[in-house]
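What follows is each chain in one-letter form.
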Amino acid sequence: MSGKTVVRPYGDTTGDGMVQVSFTLPVPHDKRAEGAAVQLANKMGLDPAMLVHARQMGDGFTFFVVYGRVNHLVDLAKVQVVERDYPLLSAKEVNAVVKRRLRRKLSVVGACIGTDAHTVGIDAILNVKGIAGEKGLEYYRELKVTNLGAQVSVPELVEAARRERADAVLVSQVVTQRDAHLHNTREMSAAFREAMPAGKRPLLIVGGPRFDESMTGELGVDRIFGRGTTPGEVASYLVHALITSRKASVA
Ligand code: B12
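Only a predicted model underlies this, so the values are computations on that prediction, with no experimental measurement involved.

Reading the values: rules and limits
- Residues numbered from 1 in each chain as written.
- Predicted model: local features only at pLDDT ≥ 70, side-chain atom pairs only at ≥ 80, totals over all residues.
- Heavy atoms only, no water.
- Helix = DSSP H or I, 4+ residues; strand = E, 2+ residues; numbered from the N terminus.
- Buried < 20%, exposed > 50% of the residue type's maximum accessible area, 1.4 Å probe, protein only.
- Areas by Shrake-Rupley, 256 points an atom, 1.4 Å probe, with all protein chains shown as cover.
- Lys, Arg positive; Asp, Glu negative; His and termini not counted.
- Charge placed at Lys NZ, Arg CZ, Asp CG, Glu CD.
- Donors = N, O, S within 2.8 Å, 3.2 Å for Na, K, Ca; no water.
- Pairing = 2+ DSSP bridges.
- Expected span 1.5 Å × (residues − 1).
- Arc of directions from axis to C-beta.
- Near = heavy atom within 4 Å.
- Polar contact = N/O pair within 3.5 Å; in protein donor to acceptor, adjacent residues only side chain to side chain.

Draft legend 1. Seen up close, the overall build of the chain. A count of helices and strands for the chain gives seven helices and 10 strands. C-alpha extents for the chain along the principal axes are approximately 65 × 50 × 35 Å. Relative to its full complement of 251 residues, the chain shows a buried share of 41%. Accessible surface computed for the chain: about 14500 Å², of which carbon and sulfur atoms make up 52%. In the chain, the 33 positive side-chain charges and the 27 negative ones have mean positions that sit 7 Å from each other.

Written as structure tokens, this is what we have:
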């Protein structure tokens, strides 16, 4: 990798600034619609903008792909992201730490809350079958996993966390229409704050493909996991947050 910190997009030749964007306009597909797509792309800073694909999607909607040049630069030195700040452990290491330091199984309760029925993501993290060649948390001998499934209400989740003496609550939110994922997460974290005193509350974790991982404070949760999360990352975080970074409380 070069030492450059300022970069621009690469399309046909290095640094030519070429990008591709796609969007839908609520208009039937005709010449005027194509002109509108180019005008929008120009307003987004693409100049020149070339329409490379237009296809009507049902009645009165057209999907477009536009390819064009932007003059924007990105300074890598100024990029702010949430980076993993704990070591990645194997399943064997996770089990060993939980057994030695907690001396009981670590209880995890997971669910999709609100009206969200997209269970594939939370199942990928919790179910034995896992994802990307990694087994899910159910595979970890020292973790006790309760997966409540889809469309769980916040009161049901709080009740299950209490019943299972949850050390951590894992919530999935995939649908983001009208910011449902943000509203539901805030409702969930507020309910836990109200139901349980600080120090007795489980660790609150949310995940889903469209979360901004830097919003933990705003949403009242301990950690946010985004696209491409693996069970090993989550298990390692649980050990870090509940055990190894709490040296004083767990002997
Ligand atoms: C499969 C699917 C469905 C299935 C869900 C089946 C099921 N049991 O889950 C069905 C057909 C039921 C469905 C229904 C709907 N769907 Co749908 N669906 C999808 C689809 C194609 C894939 C989602 C998926 O499974 N991804 C794979 C998993 C592995 O990825 P993931 O969820 O991102 O999870 C990973 C990470 O995000 C993270 N993660 C996720 N959750 C958690 C939780 C924790 C605690 C942690 C640590 C990590 C974590 O780890 C996971 C593994 O890496 C997406 C489009 C897409 N390509 O993403 C649309 C999509 C999510 N659906 C969408 C919509 C609109 C709907 C419907 C409203 C459609 C309708 N009009 O009826 C309904 C809503 C149903 C409901 N009540 O929720 C939209 C959402 C748009 C938006 N802005 O919110 C999408 C984006 C499609 C689109 N482009 O329009 N859907």
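Following the structure, the description resumes.
Draft legend 2. Region of interest: the coordination of the cobalt atom of the ligand. A lone protein donor binds the cobalt atom of the ligand: His118 (NE2), at 2.2 Å. The residue His118 is located in the loop between strand 6 (106-112) and helix 3 (120-126) in this model.

Draft legend 3. Molecular detail of the pairing of strand 4 (residues 62-69). Of all eight residues that make up strand 4, six are buried, and the element is covered over most of its length. Sheet analysis places strand 2 (residues 18-25) next to strand 4, joined by eight bridges and oriented antiparallel. The partner of Val19 across the bridge, within strand 4, is Gly68. Here strand 3 (residues 49-56) pairs with strand 4 via seven bridges, running antiparallel.

Draft legend 4. Geometry of helix 2 (residues 91-102). Its 12 residues place the ends of helix 2 16 Å apart at the C-alpha level, agreeing with the 16 Å of an ideal helix rising 1.5 Å per residue. Within the sequence span of helix 2, burial applies to Ala91, Val94, Asn95, Val97, Val98, Arg101 and Leu102. Each buried residue of helix 2 sits inside an arc of 165° when the element is viewed along its axis, so together they form one side. Helix 2 presents Lys92, Lys99 and Arg100 as exposed residues on the side facing more than 90 degrees away from its buried surface. Two residues or fewer after helix 2 comes Arg103, characterised by a positive phi angle close to 60°.

Draft legend 5. Seen up close, the site of the ligand. Near the ligand there are 27 residues, and of these Ala117, His118, Ser172, Thr176 and Thr229 occur at the shortest range. In the environment of the ligand, a nitrogen atom lies 2.8 Å from a nitrogen or oxygen atom belonging to the backbone of Thr115. Between Gly207 and the ligand, the recorded distance is 3.3 Å, taken from a backbone N or O atom to a nitrogen atom. Secondary structure elements with two or more residues in the shell around the ligand: helix 3 and strand 8 (168-172). Counting residues per element, the shell around the ligand draws most heavily on helix 3, which supplies four residues.

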